[in-house]
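Here are the chains, one letter per residue:
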Amino acid sequence: MSAANVLHPEVIGDRFEGAKDAQGRPLVHAEGTSKPIRAHTRHEPQPRGARDSGNRPVDQVEAAERFIAATEHEKAHDERLWDMRLRRDQAAHALPEWEDMRGLASRIKEHSLAHLDTYLGQFEAAAKANGVVVHWAADAAEHNRIVHQILKDRGAKSLIKSKSMLTDECGFRAYMAGVGIEVVETDLGERIQQLDGEEPSHVIGPAIHKTRADVAELFARTLGSDPDDEDIPHLASIQREATRPLILKADAGMTGCNFAVADTGTVVVCTNEGNADLSANTPPLHIASIGIEKIIPRFEHLAVFLRLLARNAIGTPMTQYTSHFRAPRAGGELHYVIVDNGRSERLGLKEFWTSLKCIRCGACMNTCPVYRRSGGLSYGATYSGPIGIILDPTLNRRKYSSLPFSSTLNGSCTNVCPVKINIHEQIFAWRKVMSEEHRLPFVKSEMMKVLGYVLSRPALYRAALGAADEALRLLPHFVLANSLNTWTNKGRDMPDAPSQTFHAWWRENRGPKSNSK
Amino acid sequence: MRVGLFIPCYMDAFEPEVGVATLELLERLGCTVEYPVDQTCCGQPMTNTGCHQDAAGTEALFVKNFSSYEFIVAPSGSCVHQVRVNMTAIEQTPEVRAVRQRTFELTEFLHDVLKVSAFPWASFPHKIGLHYNCNSLRGINLASPSEIKTVPFSKPRALLEKVPGVEFAEPTRWDECCGFGGTFNVFEPAVSVKMGQDKVSDHSRAGAEYIVSADSSCLLHQKGCARHIGNPIKFMHIARILNGASA
């Protein structure tokens, strides 16, 4: 925003008649470049995510509509993520071996998952030999209890942690709040979301749906800063100033895990802010939460994934920090909590087990045209976008039964996936599961029954179109599954109905009664 | 060469002229073309919604209508994708499998089977933006998508390059989905419309007079979106240009 635009807009309006520069912009004198004296600017309010549906199906469609109605947010979100997609293309396509590397990564992951028991055993043995304490958690509740117990036994009251989708999946912060332990997120985006009481909207950019104005407003509300201060480096420093003391006095630190290396027992965490190192190395106690699917067999395999991850996520050759944790520091403790939480069940699903290959790069979200226009929070789940659509139903079949329909099945997600998960085919397959389990809304399933009935009976079909093809006005209802309103009411005009169908044309010009044949 | 012509349900209803153009074009190129009059649909609306069993009758009808043809050609990549990739609700007899394998999208049929080298009757002196239906692009590979590092190719574009006068506009997000998405456009209208409006605006900014595609479904949706926002851009199915339509 240029200074001219913010200088007493109520006075200038759009009738500015003062001196102008060569480009026709109003000239601003020195006083004008200082902070204008005016009331706090009102920005477009941040659209919130899906309404809490309890255990009923999430209404992603409704939330997406509100996101699109917030035009500034939608535009910024779409453009920001598309830019990440372009950067990804540039970085990825600069490597001649890119597509081969995707294939290799996919095979390593599939092999690891097929021998998960072996590699988890190796990982545990190696970790123990390194002096790490290893815990196993069957589900989210057990994960939370284990971490709580570790903290309680040591009298720890405060915990700093770096970003971890697994802990979000486990509802970890809410649990810890319930037992009186203060959790401070050290990833900037995740901290923003924590302060705002929201879930992350993107696996690597938790607050990517927020504009700088949203963040300025949030920090004003929660950290007491100036709501009109939208300078990004300054906003980041405000947060840093507020969080650093909490980090320094924390009793324990926690990280997630990007890769768990079986042969060395190493946990590898990739960040761009160095906050995993802060979280792990500042307090004497480090706990790492690890999903069982994070296993890779050998240290050398890491090279493949590290080359793919950051390029595919944001178009950089590496993340700023790649932190390896293998053993407790002198005088410290290192704990691994290895979590299943539905993963082994997912591994048994013939059509869906390869979703466990996911390395959480977020590229499928960046490329998804639906996600970009509806925001991650519209999915009402820990995991959003294409990968969320195929993971979430394994966590709660009923609640996430509607999500597979929030996709156009365009397939771009599959093509950008660094580990070659056939994401859009799995979305398609989930629709079938939801239909077979009678989880489709009644209107939808009835509509398909009727369509299927009519379309398999040519005479009935032609009759439905109107006798002698003259009642074409009926047809739009029919072809568009009787949802004319969604065409005309939502920003789209109906096509004109021509005077004759092709079928009628053929009969007239080429059919048995016509002279031409 | 005996060709069974499949005209998708929405094309039958809204764009019969594309069906006529396809028919005439194939005949010009020496094919014997028949249109089985009992045809209805490929089954995609039901399958796309997850209701595969509801598609079984329609799939069986498709096979019954087309099993006697050497080639089955449809001017719609989306429907061909359904037939070739997803027509699995019925038992996969040798007859069913043969029909699925012999079903071709028009431009791939012209490009790969007939290997057409010229369209002497065609001329289209306009700047066009080429739109790819996602199933055509990423499902049956009419062109190489932008996500994949490969040697770029495009069958529709290769054909249009043989038409004198055609000039190509280059929209920035040339292979982004337009939001039609089968039943998606009905069940998630807000996102669908926004995608469609963004799509036509992208083509306009690139200077396209026409948006041209091998799929009418996307074009119908985009046309509705363009009209609503007052965008005067025009739309034309590739079959009409290749058959010599002038505007």
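Residues numbered from 1 in each chain as written. Chains lettered and ligands numbered in written order. Predicted model: local features only at pLDDT ≥ 70, side-chain atom pairs only at ≥ 80, totals over all residues. Heavy atoms only, no water.

**What about the packing of helix α26 (residues 502–509) of chain A against helix α2 (residues 16–28) of chain B?**
At step 1: Packing of α26 of chain A against α2 of chain B brings their axes to within 8 Å, and their N-to-C directions diverge by 50°. With respect to α2 of chain B, the axis of α26 of chain A lies oblique. Along its contact with α26 of chain A, which presents F502, W505 and W506 of chain A, the element α2 of chain B presents P16, G19, V20 and L23 of chain B.
At step 2: In terms of residue class, the contact of α26 of chain A with α2 of chain B is built from six nonpolar, one polar and no charged. (Axes fitted to C-alpha atoms, helices over the stretch in contact; angles between N-to-C directions. Helix = DSSP H or I, 4+ residues; strand = E, 2+ residues; numbered from the N terminus. Parallel < 35°, antiparallel > 145°, perpendicular 65-115°, else oblique. Contact = heavy atoms within 4.5 Å. Nonpolar A, V, L, I, M, F, W, Y, C, P; charged D, E, K, R; others polar.)

**As for the sheet that holds strand β8 (residues 295–296) of chain A**
Residue and element names in this part refer to chain A.
At step 1: The strand order across the open sheet built from four strands is β8-β5-β6-β9, with neighbouring strands paired in mixed fashion. The sheet terminates laterally at β8 and β9 (321–325), the two strands that pair on one side only.
At step 2: Inspection of the sheet shows strand β5 (residues 259–261) paired to strand β6 (residues 266–271) by three bridges, in the antiparallel sense. Across the sheet, residue V261 finds its bridge partner in β6, namely T266.
At step 3: Lying on the sheet, helix α15 (residues 302–314) is in contact with β5, β6, β8 and β9; it crosses β5 at an angle near 170°. (Pairing = 2+ DSSP bridges.)

**Some words on the layout of surface pockets**
Residues and elements named next belong to chain A.
At step 1: One number sums up the size of the largest pocket: a volume of about 1400 Å³.
At step 2: Where the lining of the largest pocket is concerned, the elements lending two or more residues are α5 (71–93), α9 (165–169), α11 (188–196), α12 (212–223), α13 (232–249), β6, β7 (285–291) and α15.
At step 3: At four residues, the largest contribution of residues to the lining of the largest pocket is made by α15.
At step 4: Residue composition of the lining of the largest pocket, grouped by class: 25 nonpolar, 13 polar and 10 charged. (1 Å grid on protein atoms, 1.4 Å probe; cavity = no way out; pocket = protein on both sides within 12 Å on 5 of 7 lines; lining within 4 Å. Points joined across faces, edges and corners; volume = space filled by probe spheres on them.)

**A closer look at the pattern of salt bridges**
At step 1: One pass over the full model with this rule turns up 49 salt bridges over all chains.
At step 2: Across the pair K161 of chain A and E185 of chain A runs a salt bridge whose closest N-O atoms are separated by 3.0 Å. One end of the pair, K161 of chain A, is in strand β2 (residues 158–161); the other, E185 of chain A, is in strand β3 (residues 182–185), and 24 residues separate them in sequence. Grouping residues by exposure puts K161 of chain A and E185 of chain A together as buried.
At step 3: Residues joined in a network through salt bridges with shared partners are E74, D78, R372 and R373 of chain A together with R173, E176, K194 and D198 of chain B. (Salt bridge = Lys/Arg side-chain N within 4 Å of Asp/Glu carboxyl O. Buried < 20%, exposed > 50% of the residue type's maximum accessible area, 1.4 Å probe, protein only.)

**Remarks on the domain arrangement of chain B**
Residues and elements named next belong to chain B.
At step 1: Taken domain by domain, chain B comprises domain 1 (2–113) and domain 2 (127–242).
At step 2: For domain 1 versus domain 2, the separation of C-alpha centres amounts to 21 Å.
At step 3: Facing 27 residues of domain 1, the contacting portion of domain 2 comprises 25 residues.
At step 4: The interface formed by domain 1 and domain 2 holds two salt bridges in total. (Domains from an automatic or database assignment.)

**Let's talk about the environment of I387 of chain A**
All names here are of chain A.
At step 1: With respect to the helices, strands and loops of the structure, I387 is situated in helix α19 (residues 385–395).
At step 2: For I387, a relative accessible area of 4% gives the class buried.
At step 3: In the structure, I387 is positioned 308 residues away from E79 in sequence and 20 Å away in space, judged by C-alpha atoms.

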